[in-house]
Amino acid sequence: MSRTVKIECGISFRLRETGATKPTPITCFVEYNGKPVVKIPTGTKVHPAKWNPEKERPIGGLKGLESAEANAIVEKLATVKATVESEYRTYVNKFQSYPDKAIFKEQVIVLLAGATTVKASDPSQSLISFFDRQVKLSREGKRTVLKGKRAGMRYRENTIRSYEGSRTLLQEYVEHRKLKRLNFDNVTMDFYHDLRDYMFTDRSFSLNYFGKVIKHIKLFMGEAKELGWHANEIYKSKAFIKVEEETDAVYNDIEQLGAIHSVDLTGHPGLKNARDLYLLGAWSGLRFQDYSVLADKARVHGDFIHIETEKTGVFVAIPILPVTREILESYRLEDGTYLYPKPISNQKLNDYIKIIGKMAGLTHPVSITVPQGGTRVQVTIPFYDAMGTHTARRSFATNMYKHYRLPTFTIMKITGHTTETNFFKYIKMTREENAQLILDTVTAKIELEKAG
């Protein structure tokens, strides 16, 4: 849903110390895009007893300030308000996004000091503000995909939310490190290493998540440079790298999928719904964001499910395999239409599938590695605890290749992998399993030739 940038900001004047026994500074509070507010000094003071908090102005007359003194304060506050309103509206109208709060405060203070222009009004000084700008343009369809099959098309909501996640992480980094702002010129190799240290040491995030944030930084640094908003090229350095690692995920083999399918979930409609969703993913190869919303996007025609995938925007035809057919038929109405399992959140399905996996007897220990301080450490957990929403899709790819011996190109047409290198990184096979596959295939071929 597109976020509306409000053309008006909230402006109020308050005393710094309402209980002071002597004149205390009057502060201008500016609020936009949620909290925290921007606090701007007005350069004026007044005794609390001579200030009207409801009307936000000094009290004149016999019980207040002299007329000239009161008018001077009123005029000063009016100037501050007019400057704030003008600077805010100018920025919003020009860039269709909210200004960085630290930079905005600096702009107003400099203008109030008598400057006619402020160089800081260029949003390029704030990488976080640029994130906001590009997110807004993406939602409005004014920033579109530049290459690939979806060139010229709008960015999908999942991609935009991913940008927002990186933006939030950067804002938290700035606040944790007590920085005033994150300008484009601050994007240096020192920043790269410090952000990495923050994400690993302070937040215990994975290497892949760090790599995603760096990917977004490089993307928006490049777009901002093309717009002429900075000349920094450190982000292009080979050392400023988007890192990634192979995930140590599990998959369900054919026998395990059968055990999951056979679990008696009578009296547990929520678990049954989750089990059906999961198995549809395991026998279709679709991503969670696709197999969880089949009712909205899928169309069944004969032996195929036709669907436009959320991530790539590509229309695919998914063969309806026996287990898929059985599940779909259980949701078919008398008029021939399908209701499909009810959509649930990723987290809830993650929780449910672990319960179902345990009920299916998938309790054997499995060793996996988990991120810890930028490295990975090995832990041993029950197999069902390693299962998640993405296990379904990984199971499809691995089983189609390992058990059913389908060509990689055929499987990749459904999974969306563009290279065999990435495909083989994705499927889960040990060296011994790979060697066994070769041995079995060659042996079967020899036996067939002998029989012929």
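Reading guide: rules and limits
Residues numbered from 1 in each chain as written. Predicted model: local features only at pLDDT ≥ 70, side-chain atom pairs only at ≥ 80, totals over all residues. Heavy atoms only, no water. Domains from an automatic or database assignment. Contact = heavy atoms within 4.5 Å. Buried area = accessible area lost by both parts, 1.4 Å probe. Salt bridge = Lys/Arg side-chain N within 4 Å of Asp/Glu carboxyl O. Polar contact = N/O pair within 3.5 Å; in protein donor to acceptor, adjacent residues only side chain to side chain. Helix = DSSP H or I, 4+ residues; strand = E, 2+ residues; numbered from the N terminus. Nonpolar A, V, L, I, M, F, W, Y, C, P; charged D, E, K, R; others polar. Patch = residues over 30% accessible without salt bridge, like charges linked within 9 Å, V, L, I, M, F, W, Y side chains within 5 Å. Areas by Shrake-Rupley, 256 points an atom, 1.4 Å probe, with all protein chains shown as cover. Lys, Arg positive; Asp, Glu negative; His and termini not counted. Charge placed at Lys NZ, Arg CZ, Asp CG, Glu CD. Buried < 20%, exposed > 50% of the residue type's maximum accessible area, 1.4 Å probe, protein only. pLDDT = per-residue confidence, 0-100. Expected span 1.5 Å × (residues − 1). Core = buried A, V, L, I, M, F, W, Y, C linked by side-chain atoms within 4.5 Å. Pairing = 2+ DSSP bridges. Axes fitted to C-alpha atoms, helices over the stretch in contact; angles between N-to-C directions. Phe/Tyr/Trp six-rings, centres within 6.5 Å; stacked < 30°, edge-to-face > 60°. Lys NZ or Arg CZ within 6 Å of the ring centre and 35° of its normal. Arc of directions from axis to C-beta.

For the chain, an unreviewed UniProt entry supplies the name Site-specific recombinase XerD and the organism Parapedobacter composti.

A word on the domain arrangement of the chain
Assigned domains within the chain: domain 1 (10–113), domain 2 (127–236) and domain 3 (254–447). Here the C-alpha centre of domain 2 lies 33 Å away from the C-alpha centre of domain 1. In this assembly, ten residues from domain 1 lie in contact with seven residues from domain 2. Between domain 1 and domain 2 lies a buried interface of about 750 Å² when both sides are counted; carbon and sulfur atoms form 47% of it. In terms of surface lost to domain 2, no three residues of domain 1 exceed Phe95, Gln96 and Asp100, which account for 48% of the buried area on that side. Inspection of the domain 1/domain 2 interface yields one salt bridge. With a closest N to O distance of 2.8 Å, glutamate 106 and arginine 181 form a salt bridge. Seen at the junction of domain 1 and domain 2, the total is one residue pair in polar contact (both at pLDDT 80 or more). Sorting the residues of the side of domain 1 that touches domain 2 by element identifies helix H1 (67–95) and helix H2 (101–112) as the ones contributing at least two each. Tallying contributions element by element places H2 first for the side of domain 1 that touches domain 2, with three residues. Classifying every residue of the side of domain 1 that touches domain 2 by side-chain character gives six nonpolar, two polar and two charged.

Digging into a positive patch on the surface
Taken together, the side chains of Arg14, Lys35, Lys39 and Lys105 make up a positively charged region of the molecular surface. By secondary structure assignment, the location of arginine 14 is in strand S1 (residues 10–15). Classification of arginine 14 as partly exposed rests on a relative accessible area of 42%.

A few points about the confidence of the model for the chain
On average, residues of the chain score 86 in pLDDT, and 93% of them reach the 70 mark or higher. Taking the mean pLDDT of every element in the chain, the minimum, 76, falls on strand S9 (residues 365–372) and the maximum, 96, on helix H7 (residues 254–262). Per-residue pLDDT stays below 50 along residues 118–124; that stretch engages in 20 contacts with residues further than four places along the chain or on separate chains.

Notes on helix H8 (residues 269–282)
Between its first and last C-alpha, H8 extends 20 Å over 14 residues, near the 20 Å set by a 1.5 Å rise per residue. Buried residues dominate H8, accounting for eleven of its 14 residues. Along H8, the residues classified as buried are Leu271, Asn273, Ala274, Arg275, Asp276, Leu277, Tyr278, Leu279, Leu280, Gly281 and Ala282. Here the buried face of H8 lies against H7, helix H9 (288–291), helix H10 (294–297), helix H11 (322–330), helix H12 (346–359) and helix H13 (389–402).

Brief notes about the nonpolar core
Counting residues in each nonpolar core, the largest one holds 52 residues, and the members touching the most others are Ile260, Leu328 and Met387. Residues in contact with leucine 328, not counting those within four places in the same chain, are Leu280, Val300, Ile305, Ile320, Tyr338 and Tyr340. Core analysis: the second largest hydrophobic core is formed by 36 residues, Tyr192, Tyr198, Met199 and Val213 among them.

Let's talk about unusual backbone geometry
The phi dihedral of serine 204 falls on the positive side, at around 60°, and the residue is not glycine. Within the secondary structure, serine 204 is located in the loop between helix H5 (189–202) and helix H6 (207–226). Despite not being glycine, tyrosine 340 has its phi angle at roughly 70°, a positive value. With respect to the helices, strands and loops of the structure, tyrosine 340 is situated in the loop between H11 and H12.

Things to note about the sheet that holds S1
Spatially, the three strands line up as an open sheet ordered S1-S2-S3, and their pairing is antiparallel. Whereas interior strands pair on both sides, the edge strands pair on one side only; in this sheet they are S1 and strand S3 (38–46). For this sheet the average axis-to-axis angle between neighbouring strands, irrespective of direction, equals 25°. Relative to strand S2 (residues 24–31), S1 runs antiparallel, the two being bridged by six bridges. Within S2, the residue paired with arginine 14 across the bridge is threonine 27. H1 rests against S1, S2 and S3 of the sheet, and its axis sits at about 165° to S3. Contacting S2 and S3, H2 runs over the sheet at an angle of about 35° to S3.

A few points about the packing of aromatic side chains
Any two aromatic rings considered together are summarised by their centre-to-centre distance and by the angle between their planes. On inspection of all chains with the given rule, the structure shows 21 aromatic pairs. Taken together, a centroid distance of 5.4 Å and an interplanar angle of 70° make the contact between tyrosine 192 and phenylalanine 210 edge-to-face. In this pair, tyrosine 192 sits in helix H5 while phenylalanine 210 sits in helix H6, placing the two residues 18 residues apart along the sequence. Taking the relative accessible area as the measure of exposure, tyrosine 192 reaches 2% and is therefore buried. Of note, lysine 101 hangs over the ring of tyrosine 32, and the distance from its end group to the ring centre comes to 5.3 Å. Directly above the ring of tyrosine 426 sits arginine 394, whose terminal nitrogen or CZ lies 4.4 Å from the centroid.

Describing H7
Among all positions of H7, only Gln256, Leu257 and Ile260 are buried. Taken down its axis, H7 places every buried residue within 100° of arc, on the same side. With respect to the buried face of H7, the exposed residues turned more than 90 degrees away are Glu255 and Ser262. Where H7 is buried, its residues meet H8, H12 and H13. Among the residues of H7, the N-terminal cap falls to aspartate 253, whose side-chain oxygen and the backbone nitrogen of glutamate 255 are separated by 3.2 Å.

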